[in-house]
Amino acid sequence: MRFRHPDGSVVHLSYCTNVHPAETLDGVRAQLRDHCEPVRRRLGRDRLGIGLWLARDAARALTNDPAELRALRAELDSRGLEVVTLNGFPYEGFGADEVKYRVYRPDWTEPDRLAHTTDLARLLAALLPDDVTEGTISTLPLAWRTPYATDPGAPRTARTALTTLAQRLDALAELTGKSIRIGLEPEPGCTVETTADAIAPLTDVGHERIGICVDTCHLATSFEDPDTALDALTAAGIPVVKSQLSAALHAEHPHLPEVRTALAAFAEPRFLHQTRTRTAAGLRGTDDLDEAIAGGALPDSTPWRAHFHVPLHAPPAPPLTSTLPVLRTALTRLVGGAVPLTRHLEVETYTWQALPAELRPRTRTQLADGIAAELTLARDLLVDLGLKELP
(Lines give C-alpha, C1' and ligand atoms only; values in the text may rest on other atoms or scores of the structure.)
Protein backbone atom coordinates (compact mmCIF):
# COMPACT_ATOMS: atom_id res chain seq x y z
CA MET A 1 0.00 0.00 0.00
CA ARG A 2 1.32 3.40 -0.93
CA PHE A 3 0.62 6.78 0.64
CA ARG A 4 1.47 10.32 -0.38
CA HIS A 5 3.10 12.24 2.46
CA PRO A 6 2.34 15.98 2.66
CA ASP A 7 5.95 16.63 1.60
CA GLY A 8 5.21 14.86 -1.70
CA SER A 9 7.16 11.67 -1.04
CA VAL A 10 5.71 8.15 -1.09
CA VAL A 11 5.45 6.13 2.12
CA HIS A 12 5.09 2.36 1.72
CA LEU A 13 3.08 0.12 4.04
CA SER A 14 3.45 -3.66 3.88
CA TYR A 15 2.99 -6.71 6.05
CA CYS A 16 5.75 -9.18 6.82
CA THR A 17 5.46 -12.70 5.43
CA ASN A 18 7.39 -14.32 8.28
CA VAL A 19 3.92 -15.01 9.68
CA HIS A 20 3.67 -17.69 6.95
CA PRO A 21 6.53 -20.16 7.57
CA ALA A 22 8.36 -21.19 4.41
CA GLU A 23 11.96 -22.29 3.97
CA THR A 24 11.96 -23.02 0.25
CA LEU A 25 11.17 -21.14 -2.93
CA ASP A 26 8.14 -23.35 -3.51
CA GLY A 27 6.97 -22.41 -0.01
CA VAL A 28 7.35 -18.71 -0.82
CA ARG A 29 5.24 -19.12 -3.95
CA ALA A 30 2.60 -20.90 -1.90
CA GLN A 31 2.56 -17.94 0.51
CA LEU A 32 1.85 -15.54 -2.33
CA ARG A 33 -1.00 -17.70 -3.60
CA ASP A 34 -2.57 -18.84 -0.33
CA HIS A 35 -2.08 -15.81 1.90
CA CYS A 36 -0.77 -12.60 0.34
CA GLU A 37 -3.12 -12.34 -2.62
CA PRO A 38 -6.19 -13.17 -0.48
CA VAL A 39 -5.21 -10.38 1.95
CA ARG A 40 -4.93 -7.96 -0.97
CA ARG A 41 -8.38 -8.95 -2.20
CA ARG A 42 -9.91 -8.44 1.25
CA LEU A 43 -8.54 -4.93 1.30
CA GLY A 44 -9.98 -4.20 -2.12
CA ARG A 45 -6.59 -3.12 -3.40
CA ASP A 46 -5.07 -3.56 -6.84
CA ARG A 47 -1.63 -3.58 -5.23
CA LEU A 48 -0.39 -4.71 -1.83
CA GLY A 49 3.07 -4.38 -0.36
CA ILE A 50 4.60 -7.39 1.36
CA GLY A 51 7.72 -7.45 3.49
CA LEU A 52 9.13 -10.66 2.12
CA TRP A 53 11.02 -13.10 4.36
CA LEU A 54 13.41 -15.26 2.36
CA ALA A 55 15.03 -18.03 4.39
CA ARG A 56 18.51 -19.18 3.50
CA ASP A 57 17.44 -21.98 1.12
CA ALA A 58 14.90 -19.81 -0.70
CA ALA A 59 17.41 -16.97 -1.05
CA ARG A 60 20.09 -19.30 -2.37
CA ALA A 61 17.73 -20.79 -4.94
CA LEU A 62 16.96 -17.33 -6.27
CA THR A 63 20.59 -16.22 -6.17
CA ASN A 64 21.76 -19.28 -8.07
CA ASP A 65 19.09 -19.18 -10.78
CA PRO A 66 18.34 -15.84 -12.45
CA ALA A 67 15.39 -17.44 -14.27
CA GLU A 68 13.76 -18.29 -10.94
CA LEU A 69 14.27 -14.72 -9.79
CA ARG A 70 12.64 -13.34 -12.93
CA ALA A 71 9.77 -15.79 -12.49
CA LEU A 72 9.23 -14.66 -8.88
CA ARG A 73 9.21 -11.02 -9.93
CA ALA A 74 6.64 -11.84 -12.62
CA GLU A 75 4.48 -13.76 -10.15
CA LEU A 76 4.51 -10.85 -7.71
CA ASP A 77 3.34 -8.57 -10.49
CA SER A 78 0.61 -10.95 -11.64
CA ARG A 79 -0.77 -11.31 -8.10
CA GLY A 80 -0.82 -7.56 -7.48
CA LEU A 81 1.99 -7.70 -4.92
CA GLU A 82 5.08 -5.54 -4.57
CA VAL A 83 8.23 -5.80 -2.47
CA VAL A 84 10.24 -2.80 -1.26
CA THR A 85 11.49 -4.34 1.99
CA LEU A 86 12.76 -7.68 3.25
CA ASN A 87 12.95 -9.14 6.73
CA GLY A 88 16.53 -10.37 6.94
CA PHE A 89 16.52 -11.12 10.70
CA PRO A 90 15.62 -14.86 10.79
CA TYR A 91 18.11 -16.94 8.79
CA GLU A 92 16.29 -20.26 8.74
CA GLY A 93 13.98 -22.41 10.83
CA PHE A 94 11.56 -19.63 11.79
CA GLY A 95 8.67 -22.02 11.32
CA ALA A 96 10.16 -24.68 13.59
CA ASP A 97 8.29 -25.97 16.63
CA GLU A 98 10.90 -24.27 18.81
CA VAL A 99 12.74 -21.18 17.59
CA LYS A 100 13.79 -19.42 20.83
CA TYR A 101 17.50 -18.52 20.84
CA ARG A 102 18.18 -20.07 17.43
CA VAL A 103 16.78 -17.01 15.66
CA TYR A 104 19.94 -15.09 16.64
CA ARG A 105 22.31 -17.32 14.63
CA PRO A 106 24.28 -16.73 12.58
CA ASP A 107 25.11 -13.32 14.04
CA TRP A 108 27.22 -10.50 12.65
CA THR A 109 30.45 -12.12 13.85
CA GLU A 110 29.82 -15.08 11.52
CA PRO A 111 30.50 -15.05 7.76
CA ASP A 112 27.14 -16.62 6.89
CA ARG A 113 25.29 -13.53 8.14
CA LEU A 114 27.22 -11.23 5.80
CA ALA A 115 26.86 -13.62 2.87
CA HIS A 116 23.11 -14.04 3.39
CA THR A 117 22.46 -10.31 3.78
CA THR A 118 24.50 -9.59 0.65
CA ASP A 119 22.37 -12.08 -1.25
CA LEU A 120 19.19 -10.48 0.07
CA ALA A 121 20.34 -7.04 -1.02
CA ARG A 122 21.02 -8.25 -4.55
CA LEU A 123 17.69 -10.03 -4.71
CA LEU A 124 15.78 -7.02 -3.43
CA ALA A 125 17.39 -4.78 -6.05
CA ALA A 126 15.95 -7.12 -8.69
CA LEU A 127 12.52 -7.40 -7.05
CA LEU A 128 11.87 -3.68 -6.53
CA PRO A 129 9.07 -2.23 -8.66
CA ASP A 130 10.29 -0.35 -11.71
CA ASP A 131 9.25 3.00 -10.26
CA VAL A 132 10.97 2.43 -6.88
CA THR A 133 14.68 3.07 -6.42
CA GLU A 134 15.10 2.36 -2.70
CA GLY A 135 14.77 -0.92 -0.83
CA THR A 136 15.33 -1.77 2.83
CA ILE A 137 16.25 -4.85 4.85
CA SER A 138 15.93 -5.31 8.60
CA THR A 139 18.55 -7.47 10.29
CA LEU A 140 19.82 -8.92 13.54
CA PRO A 141 21.04 -6.27 16.06
CA LEU A 142 24.61 -7.60 15.89
CA ALA A 143 24.12 -10.66 18.16
CA TRP A 144 22.48 -12.12 21.22
CA ARG A 145 24.28 -10.59 24.21
CA THR A 146 26.18 -13.80 25.01
CA PRO A 147 28.81 -14.88 24.09
CA TYR A 148 29.30 -11.57 22.23
CA ALA A 149 29.78 -9.61 25.47
CA THR A 150 32.67 -11.84 26.62
CA ASP A 151 34.50 -11.94 23.28
CA PRO A 152 36.81 -8.91 23.05
CA GLY A 153 37.13 -9.34 19.29
CA ALA A 154 33.42 -9.52 18.55
CA PRO A 155 32.73 -5.78 18.13
CA ARG A 156 35.55 -5.37 15.64
CA THR A 157 34.48 -8.45 13.67
CA ALA A 158 30.89 -7.22 13.46
CA ARG A 159 31.96 -3.71 12.50
CA THR A 160 34.19 -5.08 9.73
CA ALA A 161 31.31 -7.17 8.39
CA LEU A 162 28.95 -4.21 8.32
CA THR A 163 31.58 -2.01 6.67
CA THR A 164 32.10 -4.67 4.01
CA LEU A 165 28.35 -4.85 3.51
CA ALA A 166 28.15 -1.08 3.09
CA GLN A 167 30.81 -1.23 0.40
CA ARG A 168 28.87 -3.95 -1.39
CA LEU A 169 25.70 -1.89 -1.20
CA ASP A 170 27.52 1.06 -2.74
CA ALA A 171 28.69 -1.16 -5.59
CA LEU A 172 25.17 -2.56 -6.02
CA ALA A 173 23.73 0.94 -6.30
CA GLU A 174 26.35 1.86 -8.88
CA LEU A 175 25.53 -1.26 -10.89
CA THR A 176 21.73 -1.28 -10.67
CA GLY A 177 20.65 2.26 -9.79
CA LYS A 178 18.82 0.78 -6.80
CA SER A 179 19.78 1.92 -3.29
CA ILE A 180 19.43 -0.85 -0.70
CA ARG A 181 19.74 0.10 2.98
CA ILE A 182 20.10 -2.15 6.02
CA GLY A 183 18.58 -1.51 9.45
CA LEU A 184 19.80 -3.10 12.68
CA GLU A 185 16.65 -4.01 14.62
CA PRO A 186 17.14 -3.49 18.39
CA GLU A 187 15.62 -6.32 20.42
CA PRO A 188 15.56 -7.09 24.17
CA GLY A 189 18.34 -9.41 25.21
CA CYS A 190 20.55 -8.60 22.25
CA THR A 191 23.83 -6.70 22.09
CA VAL A 192 21.79 -3.83 20.71
CA GLU A 193 18.74 -4.01 22.97
CA THR A 194 17.54 -0.42 22.60
CA THR A 195 17.80 2.41 20.11
CA ALA A 196 20.32 4.04 22.45
CA ASP A 197 22.49 0.92 22.22
CA ALA A 198 22.52 1.25 18.44
CA ILE A 199 24.07 4.70 18.30
CA ALA A 200 27.67 3.79 19.12
CA PRO A 201 28.08 0.82 16.74
CA LEU A 202 26.27 2.57 13.90
CA THR A 203 28.37 5.69 14.41
CA ASP A 204 31.47 3.48 14.21
CA VAL A 205 30.31 2.08 10.87
CA GLY A 206 29.41 5.60 9.76
CA HIS A 207 27.66 4.82 6.49
CA GLU A 208 24.37 6.19 5.18
CA ARG A 209 23.25 2.78 3.95
CA ILE A 210 23.52 1.20 7.41
CA GLY A 211 20.96 2.47 9.91
CA ILE A 212 18.26 1.26 12.27
CA CYS A 213 14.93 -0.53 12.03
CA VAL A 214 12.58 0.67 14.76
CA ASP A 215 10.31 -2.17 15.86
CA THR A 216 7.61 -0.58 18.02
CA CYS A 217 7.00 -3.80 20.00
CA HIS A 218 10.68 -3.97 20.94
CA LEU A 219 10.72 -0.25 21.69
CA ALA A 220 7.78 -0.66 24.06
CA THR A 221 9.07 -3.84 25.69
CA SER A 222 12.19 -1.95 26.74
CA PHE A 223 10.03 0.95 28.00
CA GLU A 224 11.67 3.39 25.59
CA ASP A 225 9.89 6.68 25.07
CA PRO A 226 9.42 7.03 21.29
CA ASP A 227 10.05 10.78 21.18
CA THR A 228 13.22 10.52 23.26
CA ALA A 229 14.49 7.58 21.22
CA LEU A 230 13.86 9.19 17.85
CA ASP A 231 15.28 12.54 19.00
CA ALA A 232 18.51 10.80 19.99
CA LEU A 233 18.77 8.96 16.67
CA THR A 234 18.17 12.17 14.74
CA ALA A 235 20.76 14.05 16.81
CA ALA A 236 23.30 11.27 16.17
CA GLY A 237 22.59 11.25 12.45
CA ILE A 238 21.45 7.61 12.50
CA PRO A 239 18.92 6.99 9.69
CA VAL A 240 15.68 5.14 10.47
CA VAL A 241 15.80 2.77 7.52
CA LYS A 242 12.40 1.21 8.22
CA SER A 243 9.93 0.70 11.04
CA GLN A 244 8.04 -2.43 11.99
CA LEU A 245 4.62 -1.62 13.35
CA SER A 246 3.92 -4.04 16.20
CA ALA A 247 2.54 -4.08 19.73
CA ALA A 248 3.82 -5.81 22.86
CA LEU A 249 1.93 -7.47 25.70
CA HIS A 250 1.36 -5.16 28.70
CA ALA A 251 0.42 -6.12 32.27
CA GLU A 252 -0.28 -3.13 34.48
CA HIS A 253 -0.56 -5.09 37.77
CA PRO A 254 1.63 -8.21 37.51
CA HIS A 255 1.40 -8.92 41.25
CA LEU A 256 -2.26 -9.95 40.94
CA PRO A 257 -2.93 -13.69 40.61
CA GLU A 258 -5.45 -13.18 37.84
CA VAL A 259 -2.86 -11.21 35.85
CA ARG A 260 -0.30 -13.99 36.27
CA THR A 261 -2.89 -16.48 35.05
CA ALA A 262 -3.66 -14.35 32.00
CA LEU A 263 0.04 -13.94 31.21
CA ALA A 264 0.63 -17.67 31.52
CA ALA A 265 -1.64 -18.25 28.52
CA PHE A 266 0.92 -16.38 26.38
CA ALA A 267 3.95 -18.36 27.64
CA GLU A 268 4.46 -20.82 24.80
CA PRO A 269 7.36 -22.98 23.59
CA ARG A 270 8.04 -21.62 20.12
CA PHE A 271 9.33 -18.07 20.44
CA LEU A 272 11.31 -16.20 23.06
CA HIS A 273 9.19 -13.65 24.93
CA GLN A 274 11.64 -11.42 26.75
CA THR A 275 9.91 -9.66 29.66
CA ARG A 276 10.86 -6.32 31.15
CA THR A 277 9.85 -3.98 33.97
CA ARG A 278 11.05 -0.48 34.76
CA THR A 279 12.12 0.20 38.34
CA ALA A 280 13.77 3.08 40.17
CA ALA A 281 17.06 1.21 39.76
CA GLY A 282 16.60 0.81 36.01
CA LEU A 283 15.28 -1.81 33.61
CA ARG A 284 14.99 -5.38 34.89
CA GLY A 285 14.19 -8.38 32.75
CA THR A 286 14.05 -12.07 32.00
CA ASP A 287 14.80 -13.88 28.76
CA ASP A 288 11.35 -15.46 28.63
CA LEU A 289 7.85 -14.93 29.95
CA ASP A 290 7.63 -18.16 31.91
CA GLU A 291 10.70 -17.17 33.95
CA ALA A 292 8.92 -13.97 34.99
CA ILE A 293 5.64 -15.70 35.81
CA ALA A 294 7.35 -18.31 37.97
CA GLY A 295 8.05 -15.57 40.51
CA GLY A 296 11.12 -14.01 42.08
CA ALA A 297 12.96 -13.15 38.87
CA LEU A 298 11.25 -9.78 38.38
CA PRO A 299 9.83 -7.18 40.76
CA ASP A 300 6.06 -7.09 40.34
CA SER A 301 5.23 -3.71 41.82
CA THR A 302 5.56 -1.99 38.44
CA PRO A 303 4.07 -2.92 35.03
CA TRP A 304 5.52 -5.72 32.93
CA ARG A 305 5.85 -5.83 29.18
CA ALA A 306 6.60 -8.95 27.16
CA HIS A 307 8.03 -9.33 23.68
CA PHE A 308 4.94 -10.94 22.22
CA HIS A 309 3.68 -9.38 19.00
CA VAL A 310 -0.07 -9.17 19.60
CA PRO A 311 -2.45 -8.30 16.73
CA LEU A 312 -2.66 -4.54 16.30
CA HIS A 313 -6.44 -4.40 16.02
CA ALA A 314 -7.20 -6.94 18.76
CA PRO A 315 -5.45 -6.29 22.10
CA PRO A 316 -5.78 -9.07 24.68
CA ALA A 317 -8.74 -9.01 27.03
CA PRO A 318 -8.44 -7.45 30.49
CA PRO A 319 -6.57 -7.67 32.77
CA LEU A 320 -3.96 -7.47 29.97
CA THR A 321 -3.62 -4.99 27.15
CA SER A 322 -1.18 -4.08 24.39
CA THR A 323 1.27 -1.25 23.79
CA LEU A 324 -0.63 0.11 20.79
CA PRO A 325 -0.38 3.65 22.30
CA VAL A 326 3.42 3.40 21.95
CA LEU A 327 3.00 2.48 18.30
CA ARG A 328 0.69 5.46 17.77
CA THR A 329 3.18 7.86 19.35
CA ALA A 330 6.09 6.44 17.38
CA LEU A 331 4.19 6.55 14.09
CA THR A 332 3.22 10.18 14.68
CA ARG A 333 6.87 11.01 15.06
CA LEU A 334 8.03 8.80 12.19
CA VAL A 335 5.68 10.09 9.49
CA GLY A 336 3.55 12.81 11.06
CA GLY A 337 6.08 15.62 10.72
CA ALA A 338 6.97 17.92 7.87
CA VAL A 339 9.34 15.25 6.49
CA PRO A 340 9.00 11.51 7.22
CA LEU A 341 11.85 9.95 9.19
CA THR A 342 11.29 6.73 7.26
CA ARG A 343 9.29 5.79 4.19
CA HIS A 344 9.06 2.04 4.78
CA LEU A 345 6.54 0.72 7.31
CA GLU A 346 5.87 -2.96 7.91
CA VAL A 347 3.21 -4.62 10.04
CA GLU A 348 4.97 -7.56 11.68
CA THR A 349 2.71 -9.78 13.76
CA TYR A 350 4.33 -13.17 13.25
CA THR A 351 2.85 -14.73 16.39
CA TRP A 352 -0.72 -15.44 15.24
CA GLN A 353 -0.27 -19.19 15.72
CA ALA A 354 1.48 -18.66 19.07
CA LEU A 355 -1.51 -16.86 20.59
CA PRO A 356 -3.55 -18.62 23.27
CA ALA A 357 -5.60 -21.36 21.62
CA GLU A 358 -8.91 -19.51 21.76
CA LEU A 359 -7.41 -16.48 19.96
CA ARG A 360 -5.60 -18.31 17.14
CA PRO A 361 -6.98 -18.21 13.61
CA ARG A 362 -8.15 -21.72 12.72
CA THR A 363 -8.28 -21.31 8.96
CA ARG A 364 -6.46 -19.41 6.22
CA THR A 365 -9.57 -17.28 5.86
CA GLN A 366 -9.47 -16.22 9.50
CA LEU A 367 -5.75 -15.43 9.27
CA ALA A 368 -6.24 -13.35 6.12
CA ASP A 369 -9.10 -11.50 7.80
CA GLY A 370 -6.87 -10.72 10.79
CA ILE A 371 -3.95 -9.47 8.71
CA ALA A 372 -6.30 -7.33 6.62
CA ALA A 373 -7.73 -5.85 9.83
CA GLU A 374 -4.24 -4.97 11.05
CA LEU A 375 -3.40 -3.27 7.76
CA THR A 376 -6.70 -1.40 7.85
CA LEU A 377 -5.86 -0.06 11.31
CA ALA A 378 -2.40 1.00 10.15
CA ARG A 379 -3.89 2.65 7.05
CA ASP A 380 -6.36 4.60 9.16
CA LEU A 381 -3.57 5.82 11.45
CA LEU A 382 -1.61 7.06 8.44
CA VAL A 383 -4.62 8.83 6.95
CA ASP A 384 -5.30 10.48 10.31
CA LEU A 385 -1.73 11.82 10.20
CA GLY A 386 -2.41 13.53 6.90
CA LEU A 387 -1.10 10.94 4.46
CA LYS A 388 -3.18 10.21 1.35
CA GLU A 389 -3.74 6.63 0.27
CA LEU A 390 -2.70 6.07 -3.34
CA PRO A 391 -4.29 3.62 -5.81
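Report on the accompanying structure. Just so you know, these numbers come straight off a predicted model, no measurement behind them.

1. Topic: the packing of aromatic side chains
Here a ring pair, both rings aromatic, is described through the centre-centre distance and the interplanar angle of the planes.
Argument step 1. Scanning all chains against the criterion turns up eight aromatic pairs.
Argument step 2. Joined through ring pairs, the aromatic side chains of W53, F94, F271 and Y350 make up one cluster.
Argument step 3. When the ring centre of F223 is taken as reference, the NZ or CZ atom of R305 above it lies at 4.4 Å.

2. Focus: unusual backbone geometry
Argument step 1. The omega torsion of the bond from T146 to P147 falls at 5°, within 30 degrees of zero and hence cis.
Argument step 2. With respect to the helices and strands, the residue P147 is situated in helix 5 (residues 145-148).
Argument step 3. With an omega of 15°, the peptide bond between P318 and P319 qualifies as cis.
Argument step 4. Positive phi is not limited to glycine here, since L142 has a value of about 75°.
Argument step 5. By the element assignment, L142 lies in the loop between strand 5 (134-139) and helix 5.
Argument step 6. Positioned with a positive phi, F223 is a non-glycine residue whose angle comes to about 55°.
Argument step 7. With respect to the helices, strands and loops of the structure, F223 is situated in the loop between helix 8 (216-221) and helix 9 (226-236).

3. A word on the side chain of N87
Argument step 1. Mapped onto the fold, N87 is located in strand 4 (residues 81-87).
Argument step 2. One polar contact links the side chain of N87 to the main-chain amide nitrogen of F89, over a distance of 3.0 Å.
Argument step 3. A distance of 3.2 Å separates the side chain of N87 from the side chain of E348, its partner in a polar contact.
Argument step 4. Beyond its immediate chain neighbours, meaning those up to four positions away, N87 contacts C16, N18, L52, W53, S138, Q244 and E348.

4. With respect to the pairing of strand 14 (residues 344-347)
Argument step 1. Residues H344 and E346 line one face of strand 14 and the alternating positions L345 and V347 line the opposite face, and both faces are buried.
Argument step 2. Here strand 2 (residues 10-16) pairs with strand 14 via four bridges, running parallel. The residue bridging L13 from the neighbouring strand is L345, located in strand 14.
Argument step 3. Sheet analysis places strand 8 (residues 240-245) next to strand 14, joined by three bridges and oriented parallel. Looking across to strand 14, one finds that Q244 is bridged to E346.

Criteria and cut-off values
- Residues numbered from 1 in each chain as written.
- Predicted model: local features only at pLDDT ≥ 70, side-chain atom pairs only at ≥ 80, totals over all residues.
- Heavy atoms only, no water.
- Phe/Tyr/Trp six-rings, centres within 6.5 Å; stacked < 30°, edge-to-face > 60°.
- Lys NZ or Arg CZ within 6 Å of the ring centre and 35° of its normal.
- Helix = DSSP H or I, 4+ residues; strand = E, 2+ residues; numbered from the N terminus.
- Polar contact = N/O pair within 3.5 Å; in protein donor to acceptor, adjacent residues only side chain to side chain.
- Contact = heavy atoms within 4.5 Å.
- Buried < 20%, exposed > 50% of the residue type's maximum accessible area, 1.4 Å probe, protein only.
- Pairing = 2+ DSSP bridges.

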